[in-house]
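Fold and geometry: a report
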Amino acid sequence: MTASPLGVFPPKPSALAEMFTGTPSLIGAIHLPALPGSPHYTGQPVSEIARFAVEEAHAYVDNGFDGVIVENHWDIPFLKPGEHGYETAASMGVITAAVVGEFGKAVGVSILSNAGECGVAAAWAAGASFVRVNQWANAYIANEGFIEGQAAKTTRFRHRIGADPVRIFADVHVKHGAHAIVADRTVAEQTEDAEFFDADVLIATGSRTGDAASVDEVSVIRDNTVLPVIIGSGITAANVAALMKECDGAIVASSVKDNGRWWGRVAGEKVREVSRAAGK
């Protein structure tokens, strides 16, 4: 959906259309077990974590979703950008490559928190198509502390390693934080900032993992960009039909877990409910 023929960045092809055939595009989040180097890591071989990721991906894709995003959600508490070790990039690359090998390029990477460069490295090594970067432009106070936008560093790193085909999914008004730093900037202005800094897809979210984005905020983002807009949290079988009228797709996780929480396993029957409700 677009607001006008011109935005604040020269027009470019839709990244969603390049990757996914379904409309709306439904992307399942794979919340990985703890990876090497993180406090909750128990010594599980990375090959076993890769098998887990492939199983979770099947539960999504076999039940109507268009793709998946691989995320290191059990690496809590999360590091700031630039603090992630080689072991994180290597592990995420190996695990994501297993998923790409099974499902092709409709796969993305999210390395928390906000690790744009590390995410691009893992995605490019794995053959994945996109990364999610929570704070792309501006800054905010997150659980991890002061977090600055990663656009300048990430795009330069991406170009330096030849990974320009990796697309950027960027949050607008990111969850899990305080926005006092940009309190004098409207969501419309922050939307234009993310587009101006060369994101490819914009994400609207709720205040925390599993919380639904407000229809009003999704509409403001949609009406102030020419980029595709997706919802990044809070999608359920009950609200997906209404919310998909306002955007181009969604990243879904908690509501389709067997326990309704991010740390549960993906339940195929719940994925089918969301897919059907979305008209897939």
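Residues numbered from 1 in each chain as written. Predicted model: local features only at pLDDT ≥ 70, side-chain atom pairs only at ≥ 80, totals over all residues. Heavy atoms only, no water.

Thoughts on the packing of helix α3 (residues 86-103) against helix α4 (residues 116-126)
The geometry of α3 relative to α4 is characterised by a closest axis approach of 8 Å and an angle of 40° between their N-to-C directions. In terms of orientation, α3 and α4 fall into the oblique class. With respect to the hand of their crossing, α3 and α4 are arranged in right-handed fashion. Counted together, Thr-88, Ala-89, Met-92, Gly-93, Thr-96, Ala-97 and Val-100 of α3 and Cys-118, Ala-122 and Ala-126 of α4 form the full contact between these two elements. Of the residues that constitute the contact of α3 with α4, the class distribution is seven nonpolar, three polar and no charged. (Axes fitted to C-alpha atoms, helices over the stretch in contact; angles between N-to-C directions. Helix = DSSP H or I, 4+ residues; strand = E, 2+ residues; numbered from the N terminus. Parallel < 35°, antiparallel > 145°, perpendicular 65-115°, else oblique. Left-handed = near helix turned anticlockwise from the far one by under 90°. Contact = heavy atoms within 4.5 Å. Nonpolar A, V, L, I, M, F, W, Y, C, P; charged D, E, K, R; others polar.)

Some points on the environment of Gln-190
Looking at where Gln-190 falls in the secondary structure, it is placed in helix α6 (residues 187-196). Ignoring any residue separated from it by four or fewer positions in sequence, one finds Gln-190 in contact with Asn-138, Val-172, His-173, Val-182 and Arg-185. A distance of 3.1 Å separates a polar side-chain atom of Gln-190 from the backbone oxygen of Arg-185. (Polar contact = N/O pair within 3.5 Å; in protein donor to acceptor, adjacent residues only side chain to side chain.)

Let's talk about the sheet that holds strand β5 (residues 139-142)
The sheet built from three strands is open, its strands ordered β6-β5-β8 with antiparallel pairing. This sheet does not close on itself; its edge strands, each paired only once, are β6 (145-148) and β8 (177-178). Sheet topology note: the β5/β8 ladder contains two bridges and is antiparallel. Along β8, the bridge assignment pairs Ile-141 with Ala-178. (Pairing = 2+ DSSP bridges.)

Things to note about the packing of aromatic side chains
Taken as a whole and judged by the stated rule, the model has six aromatic pairs. Aromatic pair Tyr-60 and Phe-65: ring centres 5.4 Å apart, planes at 25°, arrangement stacked. Geometrically, the ring pair formed by Trp-262 and Trp-263 is edge-to-face, given 5.6 Å between the ring centres and 90° between the ring planes. Ring pairs connect the aromatic residues Phe-20, Phe-130 and Phe-169, which therefore count as one cluster. (Phe/Tyr/Trp six-rings, centres within 6.5 Å; stacked < 30°, edge-to-face > 60°.)

Section: the sheet that holds strand β11 (residues 249-252)
Read once around its circumference, the closed barrel built from eight strands follows the order β1-β2-β3-β4-β7-β9-β10-β11, with strand pairing classed as parallel. Taking the axes of each pair of neighbouring strands and ignoring which way they run, one obtains an average angle of 25° across the sheet. Bridge count for strand β10 (residues 229-231) against β11 is two bridges, and the pairing is parallel. Looking at the pairing, Ile-230 lines up with Gly-249 of β11. Docked against the sheet, α3 engages β2 (67-71) and β3 (107-110), running at close to 160° with respect to β3. Relative to strand β7 (residues 167-172), α6 is tilted by about 165°, and along the sheet it contacts β7 and β9 (201-204).

Side note on α6
Among the 10 residues of α6, seven are classified as buried, and the element is accordingly described as predominantly covered. Buried within α6 we find Val-187, Ala-188, Gln-190, Thr-191, Asp-193, Ala-194 and Glu-195. On its buried face, α6 is in contact with β7, β9 and α7 (215-223). Count one or two residues on from α6 and you reach Asp-198, which has phi positive near 75°. (Buried < 20%, exposed > 50% of the residue type's maximum accessible area, 1.4 Å probe, protein only.)

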